[in-house]
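# Observations on the three-dimensional arrangement
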Amino acid sequence: MAKIKKGDLVQVITGATQERGGDRGKQGKVLEVIGSRVVVEGVNYITKHTRVGQTQRGTKTGGIETFEAPIHVSNVAIVDPETKKPTRVGFRVEEQVKDGVKKTVRVRVAKGSGTDIPDPKGK
């Protein structure tokens, strides 16, 4: 089970401060997880120049596009739902009985406050 999932609220914990034009301290939702990197909403914006072209309808495509670039997982931390501060993630193993079948489930737990971190998909 991954510690950071799509839909989690995370905070950037490394890099340049916001006064110096960086992203440290910014919070945002995880839009995508790509291996050991995550794309966070509103963080690590880059500009990319793409060749200008035309579609069949005649509208122009390309130019300068701005979008979020991936950031390494070690540079972000999950935000504790209780204290609203970055925290480490631990796991607790629980047994659930559903329709007479026992099932072991790993639940993510915030190390700071000990509260459960809800699953972003709502399972």
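Since we're looking at a predicted model, the values are computed, not measured. (Residues numbered from 1 in each chain as written. Predicted model: local features only at pLDDT ≥ 70, side-chain atom pairs only at ≥ 80, totals over all residues. Heavy atoms only, no water.)

### A look at the nonpolar core
Core analysis: the largest hydrophobic core is formed by 13 residues, its most contacted members being Ile-4, Val-10, Val-38, Val-40, Ile-71, Val-76 and Ile-78. Within the residue set of this core, elements represented by two or more residues are strand 1 (9–12), strand 3 (37–40) and strand 7 (76–79). Discounting residues that sit within four places of it in the chain, Val-10 has contacts with Ile-4, Lys-26, Gln-27, Gly-28, Val-30, Val-40, Val-76, Ala-77, Ile-78 and Val-79. (Core = buried A, V, L, I, M, F, W, Y, C linked by side-chain atoms within 4.5 Å. Buried < 20%, exposed > 50% of the residue type's maximum accessible area, 1.4 Å probe, protein only. Helix = DSSP H or I, 4+ residues; strand = E, 2+ residues; numbered from the N terminus. Contact = heavy atoms within 4.5 Å.)

### A look at the sheet that holds strand 2 (residues 27–34)
Across the sheet, which stays open at both edges, the six strands sit in the order 6-3-2-1-7-8 with antiparallel pairing between neighbours. The sheet terminates laterally at strand 6 (71–72) and strand 8 (86–87), the two strands that pair on one side only. Sheet analysis places strand 7 next to strand 8, joined by two bridges and oriented antiparallel. If you follow Ile-78 over to strand 8, its bridge partner there is Thr-87. (Pairing = 2+ DSSP bridges.)

### Some remarks on the pattern of salt bridges
Where charged atoms from two side chains of opposite charge approach closely, those side chains can pair. Within the structure shown, the criterion is met by five salt bridges. Between Lys-5 and Asp-119 there is a salt bridge; the shortest N-O distance is 3.0 Å. Note that Lys-5 is positioned in the segment before strand 1 and Asp-119 in the segment after strand 10 (101–110), a separation of 114 residues in sequence. A relative accessible area of 24% means that Asp-119 is categorised as partly exposed. A salt bridge links Asp-23 to Lys-26, with the nearest nitrogen and oxygen atoms 3.0 Å apart. (Salt bridge = Lys/Arg side-chain N within 4 Å of Asp/Glu carboxyl O.)

### A word on the UniProt feature "domain: Large ribosomal subunit protein uL24 C-terminal" (unreviewed entry) in the protein chain
The UniProt feature table records "domain: Large ribosomal subunit protein uL24 C-terminal" (unreviewed entry) at residues 43–117. With 0% helix and 63% strand, residues 43–117 has end C-alpha atoms that lie 22 Å from one another. (UniProt positions renumbered as here; feature names shortened; annotations may be inferred.)

### Thoughts on a positive patch on the surface
There is a patch of like positive charges on the surface, built from Lys-3, Arg-88, Arg-106 and Lys-111. The partly exposed category is assigned to Arg-106, whose relative accessible area is 38%. (Patch = residues over 30% accessible without salt bridge, like charges linked within 9 Å, V, L, I, M, F, W, Y side chains within 5 Å. Areas by Shrake-Rupley, 256 points an atom, 1.4 Å probe, with all protein chains shown as cover. Lys, Arg positive; Asp, Glu negative; His and termini not counted. Charge placed at Lys NZ, Arg CZ, Asp CG, Glu CD.)

### Comments concerning the packing of aromatic side chains
Under the definition given, this model contains zero aromatic pairs. When the ring centre of Phe-91 is taken as origin, the NZ or CZ atom of Arg-106, which lies over that ring, is 4.2 Å away. (Phe/Tyr/Trp six-rings, centres within 6.5 Å; stacked < 30°, edge-to-face > 60°. Lys NZ or Arg CZ within 6 Å of the ring centre and 35° of its normal.)

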